[in-house]
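Tertiary structure, described
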Amino acid sequence: MLSSLAISGAGVESFDFRFSSGVLTPNDILDSATTPPGRYVWEVARRTLAACPDADAVVVANPILPIRGSRLVKLALAGGPLPCPAVLTDEGTFPIAYILPRRLLEEGLGRFLCLLSVSRSAADAQLLSRLTGGGFVPRRPTPLRAIGTLPESTPQGYVLGDNLEAWLVQCVNAVTLMRKRDDWRDLPFAAHHPGHAGDVLFFSLASRLVGDEHLAFQSQVVCRAYLDIFHDCGNRLAPIVLDIPPAPRNTDVGDGQYFIDSLAHLPPGVAEETFIVFSRYSKAYAKSPFNLIDHARFSLGDPVATFADTLYGRPPPLPHHTAASQAAPLAPGAPLKVLMQLTGGWDLKTYPAKERRVLIRALTDLGCAVTVIDLPDAAADGATVVTAGSTVALKALLADHHVFLSVDSFPLHFASQVLGHPTVAIFGCTAPGNSDAPRRAGYRLPAPALPCGPCGCLDYCPVLMIRECTNQPRPAQLVAAILDVAAEVYGAGTGVAPGLGDAA
Amino acid sequence: MIPPLSLLVLAFFDARFQSGPLGQACGGGDPWARALDAYPARRHHSPLLQPGKALGRYDLADAASAGRVVAVARATGIGGFVLDCHRVGDQYLTGAECLDAWCDDDFGLAFRWTPPAGPATAADVAALMAAITGFSTLLADGRQVLVVNEPYRLPDPAGTVALLRQAADAAGLRGLYLVATAAEARGGLLDAGFDALLDPGPAQWRSCKPAELLNGYTFLQAEAGQADGGMFDDTIMTYAHFVNSRMVDRPSRGKVLPRVVLDYADWPDHPQGGATLLASTSPTLYRRFLAGALTYVAQHFPEDERLVFIDSWNHWRQRSQIEPTTQFGSTVLDETANGIRQGGYVALTRVGEPTPGRSPGVDYDAIAALCRQIEDELSLSA
């Protein structure tokens, strides 16, 4: 829950907003995992002031705390007239709400609220002080007992732990920069979202979808290992290249810790002229039903306020829109060439060994030519094994195949969302709604059906305690989807019907 | 342009919580005390929960109380209640009159009928029609929804269906949308004239294996009084397995509407053992179960027939209620609302996707046969 108070001469009006679970109304705000809590302070303030044109100031509750509007009223009004700007704290010093003057947003400084620490009132007061002219910003205690130790994760989906440190570091760095530079209002904002491959793709596509009037960022910190993806996906932000390896895929190094460590490796001069905003995962993304591209759009400043604004409501045009135009033509009688990516970013995404053998053999029996990326043992079942270490290599492979089948991994998103290649998507332990493509001709998603997904586990099934996910589509479903896509894109004579007839 | 998605979530509702005619016919006194007066006899029996202060121990005969119940259900995103038809003498009572004043086009009533043993008679069916006519009813495919519970009790399903439709016409109804409680479309119920099927309840259909299969040693222990013998008498299913089993490979079961269950424990009505219990229930899994069910019907059912049933709104004695409780507040109700919103959103994102398995150019049966054959070959060679 997110709450606010509009303060006007006529009195106080309270508002309750929600992290949306699927409905987008003026009171439901898109639940974005790649967004630091401060972005919600900005969004809530913006919506509250829009709803109350007469309000001079707005009180916005700290997004990581579950504060209802009714509670916020009691806390804020307990100590007499409200100073503005100010930071309200618990009985100690933990920030529980921010009092912001309307002019802060009217002057176009709302995006700086993304830099709030939401855990240190002194740092946040310093930031507000800079944003409102450099005067003293008081921290006013409320009767709320001390917040105390926060949990590792909250029911609202926030992952705290080392993210708290990351938010604090971005705030302190911003205050330092504002002190040093009189022209701080004009300095660029950079989204720190350096990896991984799929995430860079989502951010890149998002940057293209955010309108100029909303785009609050000018650059993005990206690992050199993913720079080709950054460019090939048409990212409109300027890259700030990070010359260190991406964070490991396990949880050994958290996103927050990686953010802090990576700041020392930024190119010279960047820290002195850029506000760096932590834009990796502040929340557990699977808790939100929305596509990660919409998560990223919200992070970059787009309110994504209605369903029509979402990726599914307004699918972006593909660069070369005809689905078949990217692939080799399919001559009559020639075999259907199917490319497969059956391993993903973590073990549980991998399509199970037994099923993939059935899948490859069935397609081969039907007369298809099967190529599998990075899976040597697939050769035993009649597949050709290849590697695709770069987007150039992947593009070349796709151009040589008619249909692509992939688990939820970068190659799937690149083929379906960037190239518009005929694609069948496999989702099992992850939620399709978080990262699949909008519906279009030449795209199929045999959707997983089990309520256990998304489980959030990396290497074992928490229900069956095995190392495979049973929420994957059956081989027969995938074969059918592949033939279905082929028939749709290349016409009825896909060259597999005789084989199917023999097998049947 | 966003196409409209007519998804309807219904909840089974016990209308006996009232001092009105239905309450009197069911024994009078305090219906809440009757429902909640049960104490666990085994260590694996979870105690019944208590109504929370949001709705409390309401009396549906009090119009304001009934209005509050409907208002809370509406706010959650539920589109109507399914009321049981209770046979009392030669007539049926439903309690619909208490709720009807609060219903309109956005919130309506459906009914569930458990046929008597033996063939249904014209008089019986006429009494049923009299009981369900005249209210703001829920429509599917333009017809009033009637759930037929335990259809296997019908000696002649087709004859009963014909009788029901005839009686509906005579009663002036715009037709009946008949839903039979059955797990899959292999028993001829759809051929008999039912419009759709509905997943049976946990006690009627154990769709997954019991959680604990005790071995001989434990059996001897129990017999010797060293372990709880109740573990042998009751069927305990892990909730995660249960919800997965309800959704796995669903299309192969045919036109079966989902029944979403939060919890289930019928031990109060099985004091001597034989109860069915769900263990390790989880509001999060329940939300996903509900959202998944909505997405499923959106993709597989024709418009106007996209119904999902929640079991239940207030079956407190079976611990399956989603109403606010003293112990957990409105957590479950909030998850219900979240599940409905999430399911609706995901369904919207899939608009335009072809219904799986319905492409004319692909022979699904032949592909499935081929894959089975390869699976067998691989199993033999392993």
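Per an unreviewed UniProt entry, chain B goes by the name Glycosyl transferase family WbsX and belongs to Nitrospirillum amazonense.

Within an unreviewed UniProt entry, the label attached to chain A reads Glycosyl transferase family 9 (Putative heptosyltransferase), and the organism entered is Nitrospirillum amazonense.

**Here's the deal with the domain arrangement of chain A**
Residue and element names in this part refer to chain A. Here chain A is partitioned into domain 1 (2-309) and domain 2 (323-503). Summarising the inter-unit geometry, the C-alpha centres of domain 1 and domain 2 are found 38 Å apart. Each partner contributes residues to the interface: domain 1 has 20 residues there, and domain 2 has 17 residues. Summing the contributions of domain 1 and of domain 2, the shared interface buries around 1400 Å²; its carbon and sulfur component is 59%. For the pair domain 1 and domain 2, the number of links is 0 salt bridges. Taken together, the connections running from domain 1 to domain 2 amount to 7 residue pairs in polar contact (both at pLDDT 80 or more).

**Some details on the packing of aromatic side chains**
Using the criterion set out here, one finds 26 aromatic pairs over all chains in the structure. Measuring from centroid to centroid gives 4.3 Å for Phe13 of chain B and Phe81 of chain B, while their planes differ by 25 degrees, and the two rings are stacked. A residue pair is termed long-range when its members are at least 10 positions apart, and Phe13 of chain B in strand β1 (residues 8-13) and Phe81 of chain B in strand β2 (residues 80-84) qualify at 68 residues. Residues Phe13 of chain B and Phe81 of chain B agree in their burial class; the two are buried. Taken together, the ring pairs connect Phe19, Tyr40, Tyr158, Trp167 and Phe298 of chain A into an aromatic cluster. Of note, Lys283 of chain A hangs over the ring of Tyr158 of chain A, and the distance from its end group to the ring centre comes to 4.9 Å.

**Thoughts on the interface of chain A and chain B**
The extent of an interface is frequently quoted as the accessible surface area lost upon association of the parts. Listed as interface residues are 42 residues of chain A and, on the opposing side, 34 residues of chain B. Between chain A and chain B, the buried area comes to about 3500 Å², and carbon and sulfur atoms account for 66% of it. For the chain A face of the interface with chain B, the top three residues by lost area are Phe307, Arg439 and Pro451 of chain A, together amounting to 19%. Seen at the junction of chain A and chain B, the total is 1 salt bridge. At the boundary of chain A and chain B, one finds 8 residue pairs in polar contact (both at pLDDT 80 or more). For the side of chain A that touches chain B, the elements supplying multiple residues, two or more each, are α10 (353-365), α14 (475-490) and α15 (497-503) of chain A. Examining the composition of the side of chain A that touches chain B, we find that 6 residues originate from one element, α14 of chain A, more than from any other. In terms of residue class, the side of chain A that touches chain B is built from 28 nonpolar, 4 polar and 10 charged.

**With respect to the pairing of strand β13 (residues 369-373) of chain A**
Residues and elements named next belong to chain A. The buried fraction of β13 is high, at 4 of 5 residues. Here strand β12 (residues 337-341) pairs with β13 via 4 bridges, running parallel. Across the sheet, the residue bridging to Met340 is Val372, located in β13. In this region the chain leaves β12, passes through α10 and returns to the parallel neighbour β13; the handedness of that crossover is right-handed.

**Side note on the side chain of Asn314 of chain B**
Residue and element names in this part refer to chain B. With respect to the element layout, Asn314 can be found in the loop between β14 (307-311) and α11 (331-349). For Asn314, the side chain forms a polar contact with the main-chain nitrogen of Asp14, separated by 2.6 Å. Of the polar contacts made by the side chain of Asn314, one reaches the side chain of Tyr58; its length is 3.1 Å. Ignoring any residue separated from it by four or fewer positions in sequence, one finds Asn314 in contact with Phe12, Phe13, Asp14, Phe17, Tyr58, Gln321 and Glu323.

**Points about the confidence of the model for chain A**
Parts of the prediction with low pLDDT should not have their coordinates interpreted in detail. On average, chain A scores 92 in pLDDT, and the residues at 70 or more come to 96%. When the criterion is pLDDT under 50, residues 497-504 of chain A qualifies, and its contacts beyond four places in sequence or with other chains add up to 9 contacts.

**Describing the pattern of salt bridges**
Per the stated rule, a full pass over the model turns up 40 salt bridges over all chains. Here Glu488 of chain A makes a salt bridge to Arg444 of chain A, at a shortest N to O gap of 2.9 Å. Of this pair, Glu488 of chain A sits in helix α14 while Arg444 of chain A sits in strand β17 (residues 443-444); the two residues are 44 residues apart in sequence, bridging distant segments of the chain. The partly exposed category is assigned to Glu488 of chain A, whose relative accessible area is 37%. Arg444 of chain A gets classed as buried once you look at its relative accessible area, which sits at 8%. Here Arg250 of chain B makes a salt bridge to Asp199 of chain B, at a shortest N to O gap of 2.8 Å. Here the residue Arg250 of chain B occupies a position in the loop between α9 (239-247) and β11 (256-257), and Asp199 of chain B occupies one in the loop between β9 (196-198) and α7 (216-223), the gap between them amounting to 51 residues. An identical accessibility class is assigned to Arg250 of chain B and Asp199 of chain B; each is buried.

**Things to note about helix α10 (residues 283-300) of chain B**
The end-to-end C-alpha separation of α10 of chain B is 25 Å, in line with the 26 Å expected for 18 residues at 1.5 Å each. Of all 18 residues making up α10 of chain B, 15 are buried, and the element is well covered by its neighbours.

**Digging into unusual backbone geometry**
The omega angle of the peptide bond from Cys84 of chain A to Pro85 of chain A is 0 degrees, so this bond is cis rather than trans. A cis amide bond, omega 0 degrees, links Gly453 of chain A with the succeeding residue Pro454 of chain A. Relative to the elements of secondary structure, Pro454 of chain A occurs in the loop between β17 and α14. At Val118 of chain A, a position not held by glycine, the phi torsion is positive, near 55 degrees. Mapped onto the elements of the fold, Val118 of chain A is located in the loop between α3 (102-106) and α4 (121-131). For Asp304 of chain B, which is not glycine, the phi torsion reads 75 degrees and is therefore positive. Relative to the assigned elements, Asp304 of chain B resides in the loop between α10 and β14. Look at Asp304 of chain B and you get partly exposed, because its relative accessible area is 44%.

What counts and how
- Residues numbered from 1 in each chain as written.
- Chains lettered and ligands numbered in written order.
- Predicted model: local features only at pLDDT ≥ 70, side-chain atom pairs only at ≥ 80, totals over all residues.
- Heavy atoms only, no water.
- Domains from an automatic or database assignment.
- Contact = heavy atoms within 4.5 Å.
- Buried area = accessible area lost by both parts, 1.4 Å probe.
- Salt bridge = Lys/Arg side-chain N within 4 Å of Asp/Glu carboxyl O.
- Polar contact = N/O pair within 3.5 Å; in protein donor to acceptor, adjacent residues only side chain to side chain.
- Phe/Tyr/Trp six-rings, centres within 6.5 Å; stacked < 30°, edge-to-face > 60°.
- Helix = DSSP H or I, 4+ residues; strand = E, 2+ residues; numbered from the N terminus.
- Buried < 20%, exposed > 50% of the residue type's maximum accessible area, 1.4 Å probe, protein only.
- Lys NZ or Arg CZ within 6 Å of the ring centre and 35° of its normal.
- Nonpolar A, V, L, I, M, F, W, Y, C, P; charged D, E, K, R; others polar.
- Pairing = 2+ DSSP bridges.
- Right-handed = clockwise from strand over helix to strand, strands pointing away.
- pLDDT = per-residue confidence, 0-100.
- Expected span 1.5 Å × (residues − 1).

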